[in-house]
Every structure is written in C-alpha cells, then in structure tokens.
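Listed below, chain by chain, are the residues.
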Amino acid sequence: MRQLLPEPLDEVHPYDACRPDDPRGSLVRVNFIASVDGSVTDRQGRSGGLASAGDQAMFVALRAWSDAILVGAGTARTEGYGPHRLRPSLAQRRRADGRPNPAAMVLVTRSLKLDFGARIFTAAVTPTIVLTCASAPPEGQQAARRAGRLIVAGDKDVDLAEGLRRLREDYGLSHVLCEGGPRLTEATLEARQVDELCLTLAPALLGHGGPRLVEHLGQSVPLRLQHLFDEGSELYLRYRVGRSG
C-alpha cells in the first residue's frame, strides 16, 4: 500500500496507515466502502461484495485500533457479524499499543429484536454491549443484560451522544469505530459525534440505485482530507470531520 498524502511513501503497513493522531485519546471513526457512483452495497445488498484484499486489510487494521465497534443491529444481521477477532500479527501490535483485549461489539437497536444465542454474544471474549433506549421492550432489556452488557440512552430513540459518553465513562471505551449501516452513520453525524471518516473508494460503477453513505442528512458536514493511500486502482481516504453544519 502506498501513501500519497500528506507525503509520498512507497510502502505503508495498513496498521500504520490507520494510526490516529492520539492513540489513547477519545475518537469516533466511521469506516465505509463505496463504489465510484456512491453505492455502499453490491447488488446483493452487502458491503462485503465491494471489498478487495486491500480494503479488507484496512478494515481489520481499523478494528485493531478500536476499543469498541459500533454497528446497527440490522447491518450486523445482514453482514453476519460475530465478535471481534484479531490476526496474530495485529494482536501483537495492539497489545504493544495498550489494548490487550479484542474490541467490544456494540449493537444499536430500538426494538431489541436480537438473537441472544448468536456468536456475537456467546463467543465474545470482550462482552458485547447492546445500546438501546428506554422505550425498548423490558423483556429484551433483561435478555440483553444476561447475554452481555446493556446501555439505555434516550427515551423513544437511542441518544448516540449519551451512549458514546457512557461507553467512555462506564467502560473506558474511548476509541469507537462505527461501521454503519447508513442510517446509523447519518444519526451519528447528525449528533455531531464523528471525528474521522475512513472511506474506501472501490473502482466500480454499479448503477443499481443502492443505498448511499448519507441520503437524508439534515445538515452539511465539512470534510478535510488528512491521508490518502492507494493499492492498485483502489483509494483509501481519511477525512477529518467538521462538527458544524
């Protein structure tokens, strides 16, 4: 993988390409892949269908830097999410950077329609956290507490700002990686909680009218390009996200 910006480098390891400015500071990142015409899924409705080996390397490297991986419950079902697992080489780097355990998976849901017998709960080394709101079914809240951990933030809708604060203060999870889907990404941007956008630009025109990274964002969000990498025809962009609309 080459680095093109801020200065040219012929070869960069993906883990180093994902290194945050402050490895121990508070950070919320969004990671997405999109085709050149803006679709974030293939024709089967899966983001994984767009990914190459280079994007997969960036995907696992971004996870290796995170304390928590934030994902909508629907996306977790569609993509077949399990608990966070680390390749041995990245596990060693992660330990050296002060993160000895896998990242916690954080499922965002209002309905609590979850399979609490799924691997994302039963095979997790770091307990999976369910982030929901007060109006969620009480029996679902009880099941979530038994299966892992539960954060209730907000009344009728999940309050993402409060939820992210609780992740930091209650569990020490200060570096959060949001993997979507688009509705969760939009909500996190609307709440002005995103610090960095990591975007893979896949060299394809899909033309099938699939979902976009944002479709109903109620405000403009300024981006500042910090890093640019490439491998083959694929581009990897790291943007700093502005908080004002």
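Residues numbered from 1 in each chain as written. Predicted model: local features only at pLDDT ≥ 70, side-chain atom pairs only at ≥ 80, totals over all residues. Heavy atoms only, no water.

**Let's talk about the overall build of the chain**
Here is step 1: Looking only at helices and strands, the chain has 8 helices and 10 strands in total.
Here is step 2: Relative to its length of 245 residues, the chain is compact, with a C-alpha radius of gyration of 17 Å against a globular reference of 18 Å.
Here is step 3: Judged by the C-alpha coordinates and their principal axes, the chain covers about 55 × 40 × 35 Å.
Here is step 4: When the 245 residues of the chain are sorted by exposure, 50% land in the buried category.
Here is step 5: For the chain, the proportion of contacts with a sequence separation of at least 24, taken over those separated by at least 6, is 69%. (Helix = DSSP H or I, 4+ residues; strand = E, 2+ residues; numbered from the N terminus. Rg over C-alpha atoms; globule rule 2.2 N^0.38 Å. Buried < 20%, exposed > 50% of the residue type's maximum accessible area, 1.4 Å probe, protein only. Contact = heavy atoms within 4.5 Å.)

**Quick word on the sheet that holds strand E10 (residues 234-241)**
Here is step 1: Read from one edge of the open sheet, 10 strands run E1-E9-E10-E8-E2-E7-E3-E4-E5-E6, paired in mixed fashion. The open sheet has two edge strands with one neighbour each: strand E1 (2-5) and strand E6 (149-152). Pairs of neighbouring strands in the sheet enclose a mean axial angle of 25 degrees, with direction left out of account.
Here is step 2: In the sheet, strand E8 (residues 196-202) pairs with E10 via 6 bridges, with the strands oriented antiparallel. Note that in E10 the partner of Leu197 across the bridge is Tyr239.
Here is step 3: Contacting strand E2 (27-35), strand E3 (68-72), strand E4 (104-108), strand E5 (129-132), E6 and strand E7 (175-178), helix H7 (residues 160-171) runs over the sheet at an angle of about 135 degrees to E6. (Pairing = 2+ DSSP bridges. Axes fitted to C-alpha atoms, helices over the stretch in contact; angles between N-to-C directions.)

**What about empty space enclosed by the protein?**
Here is step 1: Applying the stated criterion to the full structure yields 2 cavities of 30 Å³ or more.
Here is step 2: As a volume, the largest cavity reaches approximately 60 Å³.
Here is step 3: Around the largest cavity sit Asn31, Asp55, Met58, Phe59, Leu62, Cys198, Leu199, Thr200, Tyr236, Leu237 and Arg238, which together line it.
Here is step 4: Counting only elements with at least two residues in the lining of the largest cavity, the list comes to helix H2 (53-65), E8 and E10.
Here is step 5: The leading source of residues in the lining of the largest cavity is H2, at 4 residues.
Here is step 6: The calculated volume of the second largest cavity comes to roughly 30 Å³.
Here is step 7: Lining the second largest cavity we find Leu189, Arg192, Gln193, Val194, Gln219, Val221, Val241, Gly242 and Arg243.
Here is step 8: Grouping the amino acids of the lining of the second largest cavity by side-chain chemistry returns 4 nonpolar, 3 polar and 2 charged. (1 Å grid on protein atoms, 1.4 Å probe; cavity = no way out; pocket = protein on both sides within 12 Å on 5 of 7 lines; lining within 4 Å. Points joined across faces, edges and corners; volume = space filled by probe spheres on them. Nonpolar A, V, L, I, M, F, W, Y, C, P; charged D, E, K, R; others polar.)

**A look at the packing of aromatic side chains**
In this description, an aromatic ring pair is defined by two values, namely the gap between the centres and the angle between the planes.
Here is step 1: Inspection of every chain in the model, using the stated rule, returns 2 aromatic pairs.
Here is step 2: Here Tyr15 and Trp65 contribute two aromatic rings whose centre-to-centre distance is 4.5 Å and whose plane-to-plane angle is 15 degrees, an arrangement assigned as stacked. Within this pair, whereas Tyr15 is found in helix H1 (residues 14-17), its partner Trp65 is found in helix H2, the two being separated by 50 residues in sequence. Comparing Tyr15 with Trp65 shows no difference in burial state: the two are buried.
Here is step 3: An angle of 50 degrees between the planes, with centres 5.1 Å apart, marks the rings of Phe116 and Phe121 as tilted.
Here is step 4: What makes Phe121 buried here is its relative accessible area of 6%. (Phe/Tyr/Trp six-rings, centres within 6.5 Å; stacked < 30°, edge-to-face > 60°.)

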